[in-house]
Amino acid sequence: MDLVTKVTVFCRELGEDTLQNLAAAQQKEELLRRAQDAIQAGQVGPGLEADLDAVDAMVKQEYGQGLFLVTRGFGPLPPYQGDTGAQWWTCPRHVCSGRGRVQPSQHPPVCAATGQELVPGPLPE
């Protein structure tokens, strides 16, 4: 799984308290804080990936399966020669792959890692 996908999964999970509770129980709060701080600072690289892999191992130890579970994969659709007008909620820092299709009159979701609202953008490639 690529790093952008790992960041996307991690950011989504930060919206719940499961990871925080698990980290507290295993005394690994600093691990979560370090990963979240790296995302907020836009420091997406090997250090962040190592921390996210450690978070995955923490989850796997508790639940028997990791955070970054891949059940199936799809390749991108072939390029479309026109503009469909469809938009996707994207990370304003371009750190993760965003979250879901923009619906009319929908309020922007908030990134749990940065606290920033996601912004409408083109569908991910």
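Residues numbered from 1 in each chain as written. Predicted model: local features only at pLDDT ≥ 70, side-chain atom pairs only at ≥ 80, totals over all residues. Heavy atoms only, no water.

Draft legend 1. Main features of empty space enclosed by the protein. Considering all chains together, one arrives at one cavity of 30 Å³ or more under this definition. Here the largest cavity defines a volume of roughly 70 Å³. Around the largest cavity, the lining residues are Thr-8, Cys-11, Arg-12, Cys-96, Gly-98, Arg-99, Val-110, Cys-111, Ala-112 and Leu-118. Partitioning the lining of the largest cavity into residue classes produces six nonpolar, two polar and two charged. (1 Å grid on protein atoms, 1.4 Å probe; cavity = no way out; pocket = protein on both sides within 12 Å on 5 of 7 lines; lining within 4 Å. Points joined across faces, edges and corners; volume = space filled by probe spheres on them. Nonpolar A, V, L, I, M, F, W, Y, C, P; charged D, E, K, R; others polar.)

Draft legend 2. Fine view of the pattern of salt bridges. One pass over the full model with this rule turns up five salt bridges. One network of salt bridges, with partners in common, ties together Lys-6, Glu-49 and Asp-53. (Salt bridge = Lys/Arg side-chain N within 4 Å of Asp/Glu carboxyl O.)

Draft legend 3. Quick peek at the nonpolar core. Counting residues in hydrophobic clusters, the biggest one holds 28 residues, and the most contacted among them are Val-7, Phe-10, Leu-19, Ile-39, Leu-48, Leu-52 and Val-55. Breaking this core down by element, the ones donating at least two residues are α1 (3-14), α2 (18-25), α3 (29-40) and α4 (46-63). Once you skip the residues sitting within four places of it in the chain, Val-7 turns out to touch Ile-39, Leu-48, Leu-52, Val-95 and Cys-96. (Core = buried A, V, L, I, M, F, W, Y, C linked by side-chain atoms within 4.5 Å. Buried < 20%, exposed > 50% of the residue type's maximum accessible area, 1.4 Å probe, protein only. Helix = DSSP H or I, 4+ residues; strand = E, 2+ residues; numbered from the N terminus. Contact = heavy atoms within 4.5 Å.)

Draft legend 4. How the structure looks around α4. Between its first and last C-alpha, α4 extends 25 Å over 18 residues, near the 26 Å set by a 1.5 Å rise per residue. The set of residues buried in α4 consists of Leu-48, Asp-51, Leu-52, Val-55, Asp-56, Met-58 and Val-59. The buried residues of α4 occupy one face: seen down the axis, they fall within an arc of 155 degrees. Turned more than 90 degrees off the buried face of α4, the exposed positions are Pro-46 and Gln-61. Buried positions along α4 lie against α1, α2 and α3. (Expected span 1.5 Å × (residues − 1). Arc of directions from axis to C-beta.)

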